[in-house]
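# Observations on the model geometry
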Amino acid sequence: MVKVLDKFLLFLLSLIVIIVAIVALFAAFGWISLGSTQQFAEHVYRDFDYAIPFIATAAVTALLALRFLYISVRRGKASIPSIDQRTEFGDIRISLDTVENLSLKAASRSRGVRDLRARVKVNQAGLEIVIRAIVDGETPIPGLTEEMQANVKSHIQDITGIPVAFVSVFIANIQQSAPTFKSRVE
């Protein structure tokens, strides 16, 4: 409800600012005569019927601007992205960082893997896990990736109880090892 109200108030503030900007542009280009501007200013200063709407509009604009200034500088609730589950005993929240670390742990069990990174996304079908790996170049990549996918999927589902939609493995590179030369001593 608050977000809808804030959107409406932002729309109202934007509309007021646009109207003031258009009037200022008209005055700057001389399309509003100086006499009309002076006459309006005198009415605002001297006639209470002109001053009330002007004061109300200025007050509302100032309050809206203060509201949005407050919203922009306040500390928001930094909610950690998580997966929420409800059980008969209460709620369970598992952070996506936890799932990423579990994915890395499961993927690292495969032989031939050197460097790993994981990203987890949540969709309606379950978790989408993307593993980025650097391999040793000695182990056949198709077998290695299938083993990683199976390990990650079963480990995540066993530990968290959350269904895994798919596990995507991206082999970024092979480990670069510098050639070693043995020196011969005589």
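Note that this is a predicted model, so its numbers are computed, not measured.

### Examining the pattern of salt bridges
- The tally for this structure, following the rule as stated, stands at 6 salt bridges.
- One salt bridge in this structure joins D6 and R67, with 2.8 Å as the shortest N-O distance. With D6 in helix α1 (residues 2–28) and R67 in helix α3 (residues 48–73), this residue pair connects regions lying 61 residues apart in the sequence.
- Residue D6 is classed as buried on the basis of its relative accessible area of 14%.
- The exposure class of R67 is partly exposed, given its relative accessible area of 28%.
- Residue R86 is joined to D91 by a salt bridge in which the shortest nitrogen-to-oxygen separation is 2.8 Å. For the pair shown, R86 and D91 are each scored as exposed.

### Digging into the sheet that holds strand β4 (residues 126–135)
- One open sheet holds the 3 strands; their spatial order is β3-β4-β5, and the pairing between them is mixed. Edge strands, defined here as strands with exactly one partner in the open sheet, are β3 (113–123) and β5 (164–174). On average, each strand axis in the sheet is inclined to that of its neighbour by 15°, with strand direction left out of account.
- Where β4 meets β5, 9 bridges bridge the pair, whose relative direction is parallel. Looking at the pairing, I129 lines up with V167 of β5.
- Here helix α5 (residues 141–160) sits on the sheet and contacts β3, β4 and β5; the angle it forms with β5, its principal contact strand, is near 140°.

### Looking at the packing of aromatic side chains
- Applying the stated criterion to the full structure yields 3 aromatic pairs.
- A centroid spacing of 5.2 Å and a plane angle of 90° characterise the contact between F26 and W31, whose relative ring orientation is edge-to-face.
- Relative accessible area serves as the criterion here: at 38%, F26 is assigned to the partly exposed category.
- Between F29 and W31, the aromatic rings sit 5.2 Å apart at their centres with planes inclined by 25°, giving stacked as the arrangement. Pair check on accessibility: F29 and W31 agree, each one exposed.
- Here a set of aromatic residues connected by ring pairs shows up, and it is made of F26, F29 and W31.

### Examining the packing of helix α2 (residues 34–46) against α3
- Following both chains from N to C, one finds α2 and α3 inclined at 95°, their axes separated by 6 Å at the closest point. It follows that α2 is roughly perpendicular to α3 by the angle criterion. Residues F40, H43, V44 and R46 of α2 form the contact with α3, whose own contacting residues are F48, Y50, A51 and F54.
- When grouped by side-chain class, the residues that make up the contact of α2 with α3 number 6 nonpolar, 1 polar and 1 charged.

Rules of the game
Residues numbered from 1 in each chain as written. Predicted model: local features only at pLDDT ≥ 70, side-chain atom pairs only at ≥ 80, totals over all residues. Heavy atoms only, no water. Salt bridge = Lys/Arg side-chain N within 4 Å of Asp/Glu carboxyl O. Helix = DSSP H or I, 4+ residues; strand = E, 2+ residues; numbered from the N terminus. Buried < 20%, exposed > 50% of the residue type's maximum accessible area, 1.4 Å probe, protein only. Pairing = 2+ DSSP bridges. Axes fitted to C-alpha atoms, helices over the stretch in contact; angles between N-to-C directions. Contact = heavy atoms within 4.5 Å. Phe/Tyr/Trp six-rings, centres within 6.5 Å; stacked < 30°, edge-to-face > 60°. Parallel < 35°, antiparallel > 145°, perpendicular 65-115°, else oblique. Nonpolar A, V, L, I, M, F, W, Y, C, P; charged D, E, K, R; others polar.

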